[in-house]
Amino acid sequence: MRNIIIYSLSIIFLLPASLYLKANDTILRKAIGNQYFYNFANNNNFDIYVGSTSGMYEIEETSLKKLNDKAGYIFYENNSLKTEVYSNTEGHFKFKNLLPKSYSVYPQQSVVKNNLIYIICNGTLFIYEVSDYTMYMKGKSIRCFTKNSIGTYDGIYCFGKRLADPEYTTGYIREYDSTFYICFDGLAIYNPKKGIKLITRPTTLETILGGIPIGFARDIIRLNDGNFIIFTTKGVYSLDDSLKILKTIFKTNDKEAPVIIDLFENPYTRNLTFSHNKTLYRYGIDSEELMEILVLKKPIVAGYKQSRNAVSEYILISDNTITYYNHGNNKLKQLSNMYQAHSAIPLGLDSVLISSQNGIYIALLNTEQLYSLYKGIEFNKRALWKGNNLIKMGTTTGYISTSKHQLLKRFSAKIKSREEQKQSRLEFWFVIIIATLLLAYIFYFQIIKRRRKYILIKNTSVVRKDIEDYIQSNLNQVTISSLKEHFKLNNRSLYEILSPHKPGNLITSKRKEKANQLIDKNFSLETISKSTGFSISYLKKIISKKNKTKNNS
């Protein structure tokens, strides 16, 4: 039972700080400093152990498992762990750039296992994770991607070359046949052989076609027949292959550009699905019919159409919610608990990759579960792209490039971690409940004990003063047995009344007090012995001790 209480208290007080360090692609997962850590030791299987002021622990990835309460340095001897008071362990400064600045002047000890770095510095245990991704173009705010281009807030890069103009992008870049259509408020067209062409109004930088300003460009798509559809802050427009306005498809009055959800083209029909504010629309490109098909409670900021036969199934993102909508049967399903999500691409038929201002999410539609990856990193709107097996995710300080395989590997580890945390929480609450019941039992027992003592004292006429007076009057011959016999008490009752003192100690104390008084008055040893019940030899020891005390003082 005692071990259960200690374990439950250690769970409460060993809650580590979870910190994130975006530098050198290394993340600080835990910093534990509520005790002093001494050193590491590991066996042939490379199991890692650490010694501390509160005992010895085994490190299991990012968790500590307590083995014993022996404080001190640890080492291996004859295949068993030992603890000692001192150690000759030498430190180094290899990871000082990882540590907080205040720790960089102290020597470290370290162990590296798999993708984790364990560091002891100035008594604190740090656990770092070497991330499975690399941050590219560090320091630049990434806005969008195509196969051969990257749009940033301070420059456009096509085939690795930075364009002189435009100097930024606020919308998508679309790449068709090595020609890049750049939505930067105005519209820029770049071809490595032909150079750059800007279609913009000089005074406001909005897009102007045929002398007509049509708002700030945010997206443009090309149809199979070579015509285009452009999305601006004033609406949706159909353009011919020379970028002349054919017709206005949709007009806005809130300066928010509609968002393309899907373009469907076959020999028989062509449909464009887009959203504006909270409404999802479908537009027949040939029939020129505009139809409202869904209204949500929050603005639709991104989405796409599922590729599942001819059924119209949509995945829609609205800030903290992902919505699955089946237009055929009007079925709607929603998952919430995201933070300012703004872009989405399919990972599989029933899995969605979503970027947000606080990390990346993967949604599993079939099980209706949501998982968070790269938590703590701010990703930009529109900066999410998937090639054959490559995924790029743009942030405010660079972009992450990873394969689908690596991403799913990270995702699998996240699921495993969540299951372990769930199991750990169950174990935690089980221990807390057991500890609480134990403490309640102890508390109840103490109350019952005190109540019994109160009832005992209340139900007898004997009080502590009566017993002390009797001892004082019969100092030379009183015993525990004579006390019980005189007051008609059993052993337990006598101890309860005199608590916290024991009867024997109380008798001896009063005898010594009387003996010291008589010694100070120069009574003979025989007289003192008769008065206190002490033997003459014992009285000589008392006198000798008193004399030594006087001489020392």
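Bear in mind that the values here come from a model prediction, so they are computed numbers and not experimental data.

What counts, and at which threshold
Residues numbered from 1 in each chain as written. Predicted model: local features only at pLDDT ≥ 70, side-chain atom pairs only at ≥ 80, totals over all residues. Heavy atoms only, no water. Helix = DSSP H or I, 4+ residues; strand = E, 2+ residues; numbered from the N terminus. Buried < 20%, exposed > 50% of the residue type's maximum accessible area, 1.4 Å probe, protein only. Contact = heavy atoms within 4.5 Å. Areas by Shrake-Rupley, 256 points an atom, 1.4 Å probe, with all protein chains shown as cover. Core = buried A, V, L, I, M, F, W, Y, C linked by side-chain atoms within 4.5 Å. Arc of directions from axis to C-beta. Pairing = 2+ DSSP bridges. Phe/Tyr/Trp six-rings, centres within 6.5 Å; stacked < 30°, edge-to-face > 60°. Lys NZ or Arg CZ within 6 Å of the ring centre and 35° of its normal. Axes fitted to C-alpha atoms, helices over the stretch in contact; angles between N-to-C directions. Parallel < 35°, antiparallel > 145°, perpendicular 65-115°, else oblique. Nonpolar A, V, L, I, M, F, W, Y, C, P; charged D, E, K, R; others polar. Disulfide = S-S within 2.5 Å. Lys, Arg positive; Asp, Glu negative; His and termini not counted. Salt bridge = Lys/Arg side-chain N within 4 Å of Asp/Glu carboxyl O. Polar contact = N/O pair within 3.5 Å; in protein donor to acceptor, adjacent residues only side chain to side chain. pLDDT = per-residue confidence, 0-100. Left-handed = near helix turned anticlockwise from the far one by under 90°. Patch = residues over 30% accessible without salt bridge, like charges linked within 9 Å, V, L, I, M, F, W, Y side chains within 5 Å.

**Q** Please set out the overall build of the protein chain residue by residue, giving values where relevant.
**A** Regarding its fold elements, the protein chain presents eight helices and 38 strands. Across the 553 residues that make up the protein chain, the buried fraction comes to 44%. Once local pairs closer than 6 in sequence are excluded, the contacts in the protein chain between residues at least 24 apart make up 40%. A total of about 30800 Å² of accessible surface is found on the protein chain, and carbon and sulfur atoms cover 50% of it.

**Q** Outline the nonpolar core, supporting the account with residue identities and numerical values.
**A** In terms of nonpolar packing, the biggest core is built from 28 residues, with Ile229, Leu243 and Leu272 touching the most fellow members. At the level of elements, β17 (179-183), β18 (187-191), β22 (217-222), β23 (228-232), β24 (235-239), β25 (245-251), β27 (270-276) and β28 (279-284) are the ones that each hand at least two residues to this core. In contact with Leu243, not counting residues within four places along its chain, are Leu187, Ile189, Ile199, Leu209, Ile220 and Phe228. Membership of the second largest hydrophobic core comes to 20 residues, among which are Met135, Ile362, Ile377 and Leu407.

**Q** Describe helix α7 (residues 525-532), listing the residues and the values that go with them.
**A** Of all the positions in α7, only Ile528, Ser529 and Thr532 are classed as buried. For α7, the angular spread of buried residues about the axis comes to 100 degrees, placing them on one side. Each element contacted by the buried residues of α7 is listed here: α6 (503-520) and α8 (536-552). Gly533 lies just past α7 and shows a positive phi near 85 degrees.

**Q** Summarise the sheet that holds strand β13 (residues 149-152); cite the residues concerned and give the values.
**A** One open sheet holds the four strands; their spatial order is β12-β13-β14-β15, and the pairing between them is antiparallel. Among the strands making up the open sheet, the edge pair consists of β12 (142-146) and β15 (161-162). Bridge count between strand β14 (residues 155-158) and β15: two bridges; the pairing is antiparallel. The partner of Cys158 across the bridge, within β15, is Lys161.

**Q** Which residues make up the packing of aromatic side chains, and what values go with them?
**A** Tallied over the entire structure, the rule returns 19 aromatic pairs. The interplanar angle of 80 degrees and the centroid separation of 5.6 Å between the aromatic rings of Tyr470 and Phe487 together place this pair among those described as edge-to-face. Linking Tyr470 in helix α3 (residues 464-473) with Phe487 in helix α4 (residues 480-487), this pair joins segments that are 17 residues apart in sequence. Neither residue differs from the other here; Tyr470 and Phe487 are each classed as buried. Connected via pairs of aromatic rings, a cluster forms that spans Phe231, Phe250, Phe274 and Tyr281. Cation over ring: Arg174 sits above Tyr172, and NZ or CZ is 4.4 Å from the ring centre.

**Q** Pulling in residues and values, what's your account of the packing of α4 against helix α5 (residues 491-498)?
**A** The interhelical angle for the contact between α4 and α5, taken along N-to-C directions, is 95 degrees, at an axis separation of 10 Å. Regarding the angle of α4 to α5, the classification is roughly perpendicular. On α5, the residues touching Ile480, Leu483 and Lys484 of α4 are Asn491, Leu494 and Tyr495. Counted by class, the contact of α4 with α5 contains four nonpolar, one polar and one charged residues.

**Q** Could you give an account of the state of the cysteines, naming the residues involved and the relevant values?
**A** As enumerated under the stated definition, the model contains zero disulfides in all. In this structure Cys158 is not part of a disulfide, and its nearest cysteine sulfur, from Cys144, lies 9.5 Å away.

**Q** Go over the environment of Gly504, please, and point to the residues and values.
**A** Inspection of the secondary structure puts Gly504 in helix α6. Residues Gly504 and Thr479, 25 residues apart in the sequence, show an inter-C-alpha distance of 7.6 Å.

**Q** So, the sheet that holds β24: which residues are in play, and what are the values?
**A** Ordered in space as β22-β23-β24-β25, the four strands form an open sheet in which the pairing is antiparallel. Only two strands of the sheet have a single neighbouring strand rather than two, namely β22 and β25. For this sheet the average axis-to-axis angle between neighbouring strands, irrespective of direction, equals 20 degrees.

**Q** Before we move on, can you summarise the side chain of Arg282 with the specific residues and values?
**A** If you trace the backbone, Arg282 turns up in strand β28. Although Arg282 lies buried, it forms no salt bridge, and the closest oppositely charged side chain, Asp262, sits 7.1 Å away as judged by the N-O distance. Separated by 2.8 Å, the side chains of Arg282 and Tyr314 make a polar contact. Those residues within four positions of Arg282 in sequence are excluded, and the remaining contacts are Asn271, Leu272, Thr273, Glu289, Leu290, Met291, Ile293, Ser312, Tyr314 and His327.

**Q** Residue-level account of the confidence of the model for the protein chain, with values.
**A** The pLDDT averaged across the protein chain works out to 86; a share of 90% of its residues lies at or above 70. Least confident of the elements in the protein chain is helix α1 (residues 2-13), whose mean pLDDT is 33; most confident is β23, at 98. Across residues 1-24, confidence stays below pLDDT 50; counting only partners more than four residues off in sequence or on other chains, it has 38 contacts.

**Q** So what about the packing of α6 against α7? Which residues, and what values?
**A** Two numbers describe how α6 lies on α7: the axes approach to 10 Å, and their chain directions differ by 155 degrees. For the element pair α6 / α7, the angle class is roughly antiparallel. For the pair α6 and α7, the crossing hand works out as right-handed. Contacts between α6 and α7 involve Arg511, Lys514, Ala515, Leu518 and Ile519 on the former and, on the latter, Ile528, Ser531 and Thr532.

**Q** Account for a nonpolar patch on the surface, naming residues and giving values.
**A** A cluster of nonpolar residues, Leu439, Tyr441, Ile442 and Phe445, forms a patch on the protein surface that exposes about 420 Å² of accessible area. Tracing the sequence through the fold places Phe445 in helix α2 (residues 404-458).

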